[in-house]
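# Working through the structure, step by step
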Amino acid sequence: MNRLAVKAYELRQNVLDIIVSGGGGHIGGDMSSMEIMLTLYNRMNVSPDRLKDPDRDRFVLSKGHCVETLYAVLADKGFIDLDEVKAQFSRFGSEYFGHPHNTIPGIEMNSGSLGHGLSVGVGMALAARMDARAYRTYVVMGDGELAEGSVWEGAMAAGHYKLDNLCAVVDRNHLQISGTTEQVMTPGDLHARFAAFGWHVIDVADGNDVDQLNEAFDEAERTKGMPTVLIANTVKGKGSAVMENKASWHHHLPDAEEYRRISGDFAARKEALEHE
Amino acid sequence: MNKIANRAVMCEVLKEAAARDRNVVVLCSDSRGSGSMTSYAEAFPSQFVEMGIAEQSLVSTAAGLASCGKRAFAISPASFLSTRSYEQCKVDCAYSGTNVKLIGISGGVSYGALGMTHHSAQDIAAMSAIPGMRVYLPSDRHQTRKLFEALVKDDQTAYVRLGRNPVEDIYEEGSVPFEMDRATVLCEGTDVLLVACGEMVKPAKDAAALLAAGGVSAGVLDMYCVKPLDREGLLSAAAGKKLVVTVEEHAPFGGLGSMVCQVTAGADPRRVICLALPDAPVITGTSAEVFRHYGLDAEGIARAVKGALL
């Protein structure tokens, strides 16, 4: 049994509860990026006891709308209180709203407007180099986000400065709010595009597989002289047939029947993983 | 005539700061020459980051560096910095609370005949509208030094607009009256108050002299701190005057004039006239030609004051 793989389904249920409590959320991308964030937070050098440690690894959720998963993972790692998030999400005056901000413990940068995070990560990685610190910087982006030109400004700078302490992850779930990424704006050969900007590119066949992600992050750490990007092939809405691969679930509030079915699917997959 | 541009003074202050503090970092967008930062880049290569012609990435990267303890100065032409990377200034600097100083060089109509693409006549309005963003337009090189000496020490984001060309001295080296976020009273007057910022301070001061010769007593306020506007300084200087006149190298909306009106309308209602660039692309010419054309030189300001007092 893979403990983290099981945990991913426990946290999916927490994300579902957060979203239902708050009256809606970006559930499709939350589900596709769950294993990416969970895997990272179980290997990064971060701790709620050392929030300002200059040697901590840095994480930027450039696709900030998937904050519900970040909340669930941060709560699991002890940075924030899950019950408080569930009770407060999107409520009047709440600290917990629909995009990350850095007054919440464990969140480094405010995000939500797409296309900023990679260049922010470039700055963090440059700072590590200037200060001869060994921390690594991770940036998670969406595949729809890659249409933002500023992403490629950041990609260019990371390649130019050969930032091997920077690792980007593309949550390649193939869907965005209006349809497939191919219908909306062709992302083309992402492997070739990042490689052309001077990146080491790792295609993760199943970006919802914790072991495959860990292997890829290991390879990224071993890669010297260039930044690494993981093209993590994921499933939007991963975890329940009710929402998998459905663009209409990009942002959604499940009704009572949907909640019951999704919750049941999560429990069934969790149980199956427990017996693997 | 002074030959030292304000941007050159910025470079000197940043070199002094970088020598003291290795966390001082300068970023440019293929703009080290325009920013007079070439000698900095040569002297402190490990505290200089070239981002290429990519203003959005310039600002985000500066914010990433600042989030890791750096005192980041992102230096880029004001026209591009204040609009191309506006959202990065809003989200990555002001909203995220990072210590990034955004330095808009060749501001206003400094680039003259290069045209509207290169003019920044809306940067005060744009930057002032961002919660948490401070906006400074120093007048001469001596005030620029004082401002940058203060900015290298503080921990919050700010936007500074600098002109490209040397401007005549207003203050005397060694005795520059400067208090952070407090306007400087250049001269007292009884009839009219002229409020100016940046390159318009000098013509405003000269206009006061012209007006004095014609029997009109005008005070002049150097409001280099456009945001936070020195409200108390303004109200104190405006008290008892028949007229307040604002002068700025900026479009007529959302700049110094608008902000002065907001204060006076609410606290001390009185007549204010706002002298500014037009709500249109600016005519081709040097800064001096442009200012003269729109009545933003000393004679034009004096003329407007006399006309308003009739």
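Reading guide: rules and limits
The residue numbers shown here count from 1 along each chain, following its written sequence. Just so you know, chain letters begin at A and ligand numbers begin at 1, following the order they were written in. Where local features are concerned, this predicted model is filtered to residues with pLDDT of at least 70; where side-chain atom pairs are given and counted, the filter is 80 or more; whole-chain, interface and lining totals use all residues. To obtain the side-chain values, all non-hydrogen atoms of the structure were used and water was disregarded. We count a stretch as a helix when DSSP gives it H or I for four or more residues in a row; a strand needs E for two or more, and each element gets its number in order from the N terminus. Computation of the radius of gyration draws on C-alpha atoms alone. For the globule rule, the value is 2.2 Å times the number of residues to the power 0.38. Classification of residues uses two cut-offs on accessible area relative to the type maximum, computed with a 1.4 Å probe and protein chains only: under 20% is buried, over 50% is exposed, and between them is partly exposed. Residue contacts are counted whenever heavy atoms from the two residues lie within 4.5 Å of one another. The charged-residue count follows a simple rule in which Lys and Arg add positive charge and Asp and Glu add negative charge, with His and chain termini not counted at all. For this purpose, a charge sits on NZ of Lys, CZ of Arg, CG of Asp or CD of Glu. Any pair of nitrogen or oxygen atoms within 3.5 Å is treated as a polar contact; in protein, a donor-acceptor pairing is required on top of that, and neighbouring residues in sequence qualify only through side-chain atoms on both sides. Once two parts are put together, the accessible area they lose, assessed with a 1.4 Å probe and summed over both, is termed the buried area. Throughout this description, the term salt bridge denotes a Lys or Arg side-chain nitrogen within 4 Å of a carboxyl oxygen of Asp or Glu. Residues were grouped as follows: Ala, Val, Leu, Ile, Met, Phe, Trp, Tyr, Cys and Pro as nonpolar; Asp, Glu, Lys and Arg as charged; and all remaining residues, including Gly, as polar. Count a disulfide wherever a pair of cysteine sulfur atoms falls within 2.5 Å. Take the buried residues of types Ala, Val, Leu, Ile, Met, Phe, Trp, Tyr and Cys, join any two whose side-chain atoms come within 4.5 Å, and each joined set is a nonpolar core. These domain limits were set by an automatic method or by a database of domain assignments. Should DSSP find at least two bridges between two strands, the strands are regarded as paired. Angles shown run from 0 to 180 degrees and are taken between the N-to-C directions of axes, each axis being a line fitted to C-alpha atoms and, for helices, limited to the stretch in contact. Note on aromatic contacts: the rings of Phe and Tyr and the six-membered ring of Trp form a pair at centre separations within 6.5 Å, being stacked when their planes are under 30 degrees apart, edge-to-face when over 60 apart, and tilted otherwise. Either the NZ atom of lysine or the CZ atom of arginine qualifies as a charge over a ring when it sits within 6 Å of the ring centre and within 35 degrees of the ring normal.

## Thoughts on the overall build of chain A
What chain A contains, in helices and strands, is 11 helices and seven strands. For a compact globule of 276 residues, the expected C-alpha radius of gyration is about 19 Å, and chain A comes in at 18 Å, within 12% of that figure. Dimensions along the principal axes, computed over C-alpha positions, put chain A at roughly 50 × 45 × 40 Å. In chain A, buried positions account for 58% of the 276 residues. The long-range share in chain A, meaning contacts at least 24 apart out of those at least 6 apart in sequence, stands at 76%.

## Considerations on the overall build of chain B
Tallying secondary structure elements over chain B gives 12 helices and 12 strands in all. Over its C-alpha atoms chain B spans a radius of gyration of 19 Å, differing by no more than 12% from the 19 Å that the globule rule assigns to 310 residues. Considered along the principal axes of its C-alpha atoms, chain B spans approximately 60 × 35 × 35 Å. Within chain B, buried positions represent 61% of all 310 residues. In chain B, of all internal contacts separated by at least 6 residues, the share reaching a separation of at least 24 is 79%. The centroid of the 30 positive side-chain charges in chain B is displaced by 1 Å from the centroid of its 34 negative side-chain charges.

## Topic: the side chain of Glu244 of chain A
Residue and element names in this part refer to chain A. By the element assignment, Glu244 lies in the loop between β7 (228-233) and α11 (256-274). Reaching out from Glu244, the side chain makes a polar contact with the backbone nitrogen of Gly239 at a distance of 2.8 Å. Other than its neighbours up to four places away in sequence, Glu244 contacts Val235, Lys236, Gly237, Lys238, Gly239 and Arg269.

## Here's the deal with the interface of chain B and chain A
On the chain A side, the residues contacting the 26 residues of chain B number 23 residues. Buried area between chain B and chain A, both sides added, is near 2000 Å², and the carbon and sulfur share of it is 54%. Salt-bridge contacts for Arg22 of chain B lead to Asp131 of chain A; the nearest nitrogen and oxygen are separated by 2.8 Å. For the pair chain B and chain A, the interface holds 13 residue pairs in polar contact (both at pLDDT 80 or more). Going through the elements one at a time, β2 (48-50), α3 (55-67) and α5 (86-95) of chain B are the ones with two or more residues in the side of chain B that touches chain A. Sort the elements by how many residues they give to the side of chain B that touches chain A and α3 of chain B lands first, with nine residues. Tallied by class, the residues present in the side of chain B that touches chain A amount to nine nonpolar, 11 polar and six charged.

## Points about the state of the cysteines
One pass over the full model with this rule turns up zero disulfides over all chains. The thiol sulfur of Cys274 of chain B is not disulfide-bonded, and the nearest other cysteine sulfur, from Cys261 of chain B, lies at 3.8 Å.

## Overview of the nonpolar core
Counting residues in hydrophobic clusters, the biggest one holds 104 residues, and the most contacted among them are Phe194 and Trp199 of chain A together with Tyr40, Ile75 and Leu102 of chain B. With eight residues, helix α6 (residues 117-130) of chain A is the largest single contributor of residues to this core. For this core, the domains that each give at least three residues are domain 1 (6-161) and domain 2 (184-309) of chain B. With sequence-adjacent residues up to four places away left out, Phe194 of chain A is seen in contact with Met141, Leu146, Trp152, Ala155, Val170, Trp199, Val201, Val229 and Ile231 of chain A. One finds Val6, Phe79, Tyr96 and Ile107 of chain A within the second-largest nonpolar core, a separate group that totals 56 residues.

## Observations regarding the pairing of strand β6 (residues 158-161) of chain B
Residues and elements named next belong to chain B. Where burial is concerned, the two faces of β6 agree: the one with Ala158 and Val160 and the one with Tyr159 and Arg161 are both buried. Pairing of strand β4 (residues 100-105) with β6, which is carried by four bridges, proceeds in the parallel orientation. Counted as the bridge partner of Lys101 is Ala158 from β6. Of the pairings in the sheet, the one linking strand β5 (residues 134-136) to β6 comprises three bridges and is parallel in character.

## Focus: unusual backbone geometry
A negative phi angle is the norm for most residues apart from glycine, just as the trans form is the norm for most peptide bonds. Residue Pro228 of chain B is reached from Lys227 of chain B by a cis peptide bond, and omega for that bond is 0°. Mapped onto the secondary structure, Pro228 of chain B falls in the loop between β10 (225-227) and α9 (231-238). Positive phi values are uncommon outside glycine, yet Asn245 of chain A reaches one of about 60°. Relative to the elements of secondary structure, Asn245 of chain A occurs in the loop between β7 and α11. Phi angles above zero are rare outside glycine, and Asp30 of chain B is one such case at about 60°. In this structure, Asp30 of chain B sits in the loop between β1 (24-28) and α2 (38-43).

## Remarks on the sheet that holds β6 of chain B
Residue and element names in this part refer to chain B. Spatial strand order, β2-β1-β3-β4-β6-β5-β10: seven strands in an open sheet with mixed pairing. The sheet is open, and its two edges are formed by β2 and β10, each paired on a single side. Averaged over all adjacent pairs, the angle separating strand axes in this sheet is 20°, with direction ignored. Where β1 and strand β3 (residues 71-77) come together, five bridges link them in parallel fashion. Its bridge partner lying in β3, Val25 is registered against Ala72.

## A closer look at the packing of aromatic side chains
All chains considered together, the criterion is met by 14 aromatic pairs over all chains. Ring geometry for Trp152 of chain A against Phe197 of chain A: centres 5.1 Å apart, planes inclined by 45°, an arrangement best described as tilted. Of the two residues, Trp152 of chain A sits in helix α7 (residues 149-160) while Phe197 of chain A sits in the loop between α9 (190-196) and β6 (200-204), which places them 45 residues apart along the sequence. Ring plane angle 40° and centroid distance 5.3 Å describe the contact between Tyr40 of chain B and Phe44 of chain B, whose orientation is recorded as tilted. Phe44 of chain B carries the same exposure label as Tyr40 of chain B, and that label is buried. Site record: aromatic cluster; members linked through ring pairs are Trp152, Phe194, Phe197 and Trp199 of chain A. The ring of Tyr9 of chain A has Arg12 of chain A lying over it, and the distance from NZ or CZ to the ring centre is 4.6 Å.

## Looking at the pattern of salt bridges
Residues and elements named next belong to chain A. Enumeration according to the criterion identifies 31 salt bridges over all chains in this entry. With a closest N to O distance of 2.7 Å, Asp53 and Arg50 form a salt bridge. Residues Arg260 and Glu257 are paired through a salt bridge, measuring 2.8 Å at the closest nitrogen-oxygen approach. With Arg260 and Glu257 both in helix α11 and three residues apart, the pair spans about one turn of that helix. For Arg260, a relative accessible area of 52% gives the class exposed. Residue Glu257 is classed as partly exposed on the basis of its relative accessible area of 40%.

Purely spatial values, then, with no claim about function.
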